[in-house]
Amino acid sequence: MSTDVTLPALGESVTEGTVTRWLKSVGDTVAVDEPLLEVSTDKVDTEIPSPVAGTLLEILVNEDDTVEVGTVLARLGDASDESSGPAASPTAAPAAPSAPPAAPSAPPAAPPAPPAAPPAPPAAPSPPAAPSPPAAPSAPPAAPSAPAGASPATPPPSAEAPSEPTGSAPVVPAAPSGDATDITLPALGESVTEGTVTRWLKAVGDEIAVDEPLLEVSTDKVDTEIPSPAAGTLLEVLVGEDETVDVGTVLARVGSGAPVQPAPTRESAPGASQEPAAPPAQHPTEAEPPTVSPEPAPAATQPSTQESPPPQAAPAPAPQQESTGGAESGVGSTSGYVTPIVRKLAAERGVDLARVEGTGVGGRIRKEDVLAAPQPSTQEAPEHQQTSEKASTTSTSAPDDTKPSLRGTTVKMSRIRKITAEKMLESLHGMAQLTTVIEVDCSAIWALRTARKSAFEDKHGAKLTFLPFFTKAVASALLEHPNLNASVDGDSIVYHGEVNLSLAVDTNKGLMLPTLRNAQDKSIAEHAQQIADLANRARSGGLKADEISGGTFSVTNTGSGGTLLDTPIVPSPQVGILATTIIEKRVVVSKGAHGEDVLSIKPMCYLPLSYDHRIVDGADAARFLQSIKSLVEAGDFESSLDL
């Protein structure tokens, strides 16, 4: 049988998503949990994995198409299977006609009686059905409540409108948006069951617009922002920073100070519909005091509606119009239809989204649009160059602005810190580790970098640091020494066919190891560009799950912090990690023109290699280091600069 792949609910208020890219084609074989496509919503960009193993039989939604949650995107199965999609559509069809009968039954006064009839069999007393006719005179308020069950979106305001027919009608629409709304932790992936609150972007009492980021959440697969599904005020924060909670947990509540009072009336309304006679009598009496007391409140809310709600109310309908019509695209409207990842990328590159023309559906701005947009070239250019230079060194120190405030405090470990601690202990106690160090003369790469760094940056848009020379040398040396490019699997040794370098990156959240894949096939230019990109996205939270896994050997650049020597810990199940320390000019003894010993000043660097002695012998480690030393001291990297 074929299996339908549907668009999952990627957040509490997410009702639709846009297919940005198909990772598989019709006829491709797909494994369980293997990514099928990429989907973009107002809150997150993520991959949709395959729920079963099989063959991709049919693609029902094209790239850049926006569909609602639950829409069938594709079908999987055996090549001989036929799509079972028609069965789903007929089931939806009867559901549609069943709704109209409910609508006609609502107008007459009889509908209140049917609800009373079902409870009658369990309760057995039929006399209570008699009081229902007296409730008929008060049926007008009850009648709107019946349609409210049929259409949950529009009736609530209409139900409140008749209850306050005076001048409070315009204030009533604000009431639903002001009621307390629970902000829950959404499912950010098929196998994600929990997440850690890393940072609150708003404080209690802050005003919040629709889809404005409230907090940042970290999971095993993605770091993302959780936006607010409603406009209002942050009333309560229920989960503190660095706390880990399950999917579905209420994180906070958003509402409004003044409209909190109508909330009980909304709750009492359903109660009144269930219990006749007395509640209707209390209903009008309760309705009058709110109309008297909110009179000063509207005066307070009117200036607020004149200042803040217009910008809040405007973006809310704009996405709906774009999503439904798909044809309206204005200069101002597209700026509000941006995913958090695109917003972060634009902030990092200094791109003004108001000046970017979106190429997605309905004028949606995509990552490609931001990357293609021109960057500021005046005062912001040096700042961007500084950030790229820091990123290219991977292990640069993260900002320590919060560290002084930690004195004398006790804090809970962050999720990344906890995982790092567990992995390091597991690695240190699970293998026989030791470190071998050699000294390398960096004169050749020093001279080459000095002569070519300006032309390199002009052509490739990345700083030419020393790290790409070392990663390129490591990748080449690993091809000659496959016992260092290996991992332990029980009683077996796996010698990997490709070189995937795990690069240690220091971030505000802790140490991360993004992966530079197929490093042996890449030039120094590609090393420099991808190292900077991985480091930037590691710090901004834009890495995907497959970009922080699959490493076969590790490199850590401790020299960016001025470290002279280091003994790094090998991350299991790898068997080796190389540290690049500071390059500094020292007086060394070298050979003169006639073979005599002379003193000279050269840029020197120590290269410590930590390895698993269960798999790698000391002689193997020494030979591997000598291969790296020969490549670095030869400095034959001119062609690899791609100039």
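Residues numbered from 1 in each chain as written. Predicted model: local features only at pLDDT ≥ 70, side-chain atom pairs only at ≥ 80, totals over all residues. Heavy atoms only, no water.

A.B. asks: An account of the overall build of the protein chain is requested, with residue identities and associated values reported.
C.D. replies: The secondary structure content of the protein chain amounts to 21 helices and 27 strands. Every one of the 643 residues in the protein chain was classed for burial, and the buried ones make up 37%. A sequence separation of at least 24 residues applies to 63% of the contacts in the protein chain between residues at least 6 apart. As presented, the protein chain carries roughly 32400 Å² of accessible surface, and 57% of it is formed by carbon and sulfur atoms. (Helix = DSSP H or I, 4+ residues; strand = E, 2+ residues; numbered from the N terminus. Buried < 20%, exposed > 50% of the residue type's maximum accessible area, 1.4 Å probe, protein only. Contact = heavy atoms within 4.5 Å. Areas by Shrake-Rupley, 256 points an atom, 1.4 Å probe, with all protein chains shown as cover.)

A.B. asks: For helix 21 (residues 618–634), give the residues involved together with the corresponding values.
C.D. replies: Given a rise of 1.5 Å per residue, 17 residues ought to cover 24 Å, and the 24 Å separating the end C-alpha atoms of helix 21 matches this to within 8%. For helix 21, the complete set of buried residues consists of D620, A621, F624, L625, S627, I628 and V632. What you see down the axis of helix 21 is that its buried residues fit within an arc of 150°, all on one side. In this fold, the buried residues of helix 21 make contact with strand 17 (433–441), helix 18 (443–460), helix 19 (467–480), strand 24 (553–556), strand 25 (576–579) and strand 27 (597–612). Downstream of helix 21 by one or two residues, G635 has phi in the positive range, about 65°. (Expected span 1.5 Å × (residues − 1). Arc of directions from axis to C-beta.)

A.B. asks: Tell me about the packing of aromatic side chains, and name the residues and values.
C.D. replies: Within this structure, the stated rule accounts for three aromatic pairs. Ring centres of W446 and F466 lie 5.6 Å apart, and the angle between their planes is 35°; on these two criteria the pair is classed as tilted. Taken together, the positions of W446 in helix 18 and F466 in the loop between helix 18 and helix 19 put the pair 20 residues apart, joining distant regions of the chain. Given a relative accessible area of 18%, F466 falls into the buried group. Directly above the aromatic system of F466 lies the positively charged group of R449, at a separation of 4.8 Å from the ring centroid. (Phe/Tyr/Trp six-rings, centres within 6.5 Å; stacked < 30°, edge-to-face > 60°. Lys NZ or Arg CZ within 6 Å of the ring centre and 35° of its normal.)

A.B. asks: Kindly report on the sheet that holds strand 4 (residues 35–40), identifying the contributing residues and their values.
C.D. replies: Pairing is antiparallel in the open sheet, where four strands are placed in the order 5-4-2-7. The strands lining the two open edges of the sheet, one partner per strand, are strand 5 (45–49) and strand 7 (66–68). Averaged over neighbouring strand pairs, the angle between their axes works out to 40° when direction is ignored. Pairing of strand 2 (residues 16–22) with strand 7, which is carried by three bridges, proceeds in the antiparallel orientation. Following the sheet pairing, T18 is matched in strand 7 by T66. (Pairing = 2+ DSSP bridges. Axes fitted to C-alpha atoms, helices over the stretch in contact; angles between N-to-C directions.)

A.B. asks: Mind laying out helix 18, listing which residues take part and the relevant values?
C.D. replies: With 18 residues, helix 18 extends 24 Å between its outermost C-alpha atoms, agreeing within 8% with the 26 Å of an ideal straight helix rising 1.5 Å per residue. Of all the bends in helix 18, the greatest, near 55°, is centred on R452. Along helix 18, the residues classified as buried are I445, L448, R449, F456 and H460. Of the surrounding secondary structure, the elements contacted by the buried residues of helix 18 are helix 19, helix 20 (524–540) and helix 21. (Bend = angle between axes of the 7 residues up to and from the residue.)

A.B. asks: How would you explain the packing of helix 19 against helix 20 if you had to name every residue and give the values?
C.D. replies: Helices that pack against each other are described as a pair by the angle of their axes relative to one another and the distance between those axes. Contact pair helix 19 / helix 20: the axes reach a minimum separation of 9 Å and the direction vectors enclose 115°. Of the two possible hands of crossing, helix 19 and helix 20 adopt the one that is right-handed. Taken together, the residues of helix 20 that come into contact with helix 19 (itself represented by L467, P468, F469, T471 and K472) are I524, H527, A528 and I531. Partitioned by chemical class, the residues of the contact of helix 19 with helix 20 number six nonpolar, two polar and one charged. (Left-handed = near helix turned anticlockwise from the far one by under 90°. Nonpolar A, V, L, I, M, F, W, Y, C, P; charged D, E, K, R; others polar.)

A.B. asks: Pulling in residues and values, what's your account of the pairing of strand 26 (residues 584–591)?
C.D. replies: One ladder, built from eight bridges, connects strand 26 with strand 27; its direction is antiparallel. Note on strand 27: the bridge partner recorded for R586 is K602. Taking the residues between adjacent antiparallel strands as the criterion, strand 26 and strand 27 are bridged by five residues, where G595 takes a positive phi near 85°.

A.B. asks: Lay out the nonpolar core with the relevant residues and their values.
C.D. replies: Within soluble globular proteins, side chains that are nonpolar generally end up buried alongside one another. With 52 residues, the main nonpolar core has F470, V474, L501, F553, L609, F624 and I628 as its most contacted residues. Elements with a contribution of two residues or more to this core: strand 17, helix 18, helix 19, strand 20 (501–503), helix 20, strand 24, strand 27 and helix 21. Take this core: its biggest share by element is eight residues, from helix 19. With residues up to four places along the chain from it excluded, the contact list for F470 reads C442, I445, T580, I583, C605, L607 and V632. (Core = buried A, V, L, I, M, F, W, Y, C linked by side-chain atoms within 4.5 Å.)

A.B. asks: Mind laying out the confidence of the model for the protein chain, listing which residues take part and the relevant values?
C.D. replies: It should be kept in mind that the predicted coordinates are not to be read in detail where pLDDT is low. On average, residues of the protein chain score 72 in pLDDT, and 64% of them reach the 70 mark or higher. Counting contacts from residues 259–337, a segment whose pLDDT is below 50, to residues more than four positions away or on other chains yields 58 contacts. (pLDDT = per-residue confidence, 0-100.)

A.B. asks: Can you lay out the pattern of salt bridges for me, pointing to particular residues and giving the numbers?
C.D. replies: Evaluation of the coordinates by the stated rule reveals 19 salt bridges. In this structure, the salt-bridge partner of K202 is E212, at a minimum N-O distance of 2.7 Å. Taken together, the residues span a long stretch of sequence, with K202 in the loop between strand 10 (194–200) and strand 11 (207–208) and E212 in the loop between strand 11 and strand 12 (213–218) at a distance of 10 residues. Residue classification places E212 among the partly exposed positions, given a relative accessible area of 24%. For the salt bridge of R537 with D533, the shortest nitrogen-to-oxygen distance reads 2.9 Å. Of this pair, R537 and D533 both sit in helix 20, separated by four residues, roughly a single helical turn. Judged by relative accessible area, which is 19%, R537 ranks as buried. A single network of salt bridges, built from pairs that share partners, joins D4, E58 and R75. (Salt bridge = Lys/Arg side-chain N within 4 Å of Asp/Glu carboxyl O.)

A.B. asks: Break down the state of the cysteines for me, citing the residues and quoting the values.
C.D. replies: All chains considered together, the criterion is met by zero disulfides. Residue C442 stays outside any disulfide, its sulfur separated by 4.8 Å from that of C605, the closest cysteine. Accessibility expressed as a relative area gives 0% for C605, which makes it buried. (Disulfide = S-S within 2.5 Å.)

A.B. asks: Describe in detail the environment of T46, supporting the description with residues and values.
C.D. replies: Mapping T46 onto the fold places it in strand 5. Residues within four places of T46 in sequence aside, it is in contact with L10, L37, E38 and V39.

A.B. asks: Help me get a handle on unusual backbone geometry, residues and values and all.
C.D. replies: Looking along the chain, the bond that leaves S572 and enters P573 is cis, with omega of 5°. Position of P573 relative to the elements: it lies in the loop between strand 24 and strand 25. A positive phi angle, near 50°, is found at N518, a position not held by glycine. For N518, the location among the structural elements is in the loop between strand 23 (515–516) and helix 20.

A.B. asks: How would you explain the environment of M424 if you had to name every residue and give the values?
C.D. replies: Here M424 lies in helix 17 (residues 415–430). Distance in space between the C-alpha atoms of M424 and S572 is 8.2 Å, their sequence separation being 148 residues.

A.B. asks: Quick one: what's the story with the sheet that holds strand 10, residue by residue and with numbers?
C.D. replies: Two orientations exist for strands paired in a sheet by backbone hydrogen bonds: parallel and antiparallel. The sheet built from four strands is open, its strands ordered 13-12-10-15 with antiparallel pairing. In this open sheet, the two edge strands, each paired with only one partner strand, are strand 13 (223–227) and strand 15 (244–246). Sheet twist, expressed as the mean angle between neighbouring strand axes with direction ignored, is 40°. Relative to strand 15, strand 10 is paired through three bridges, and the arrangement is antiparallel.

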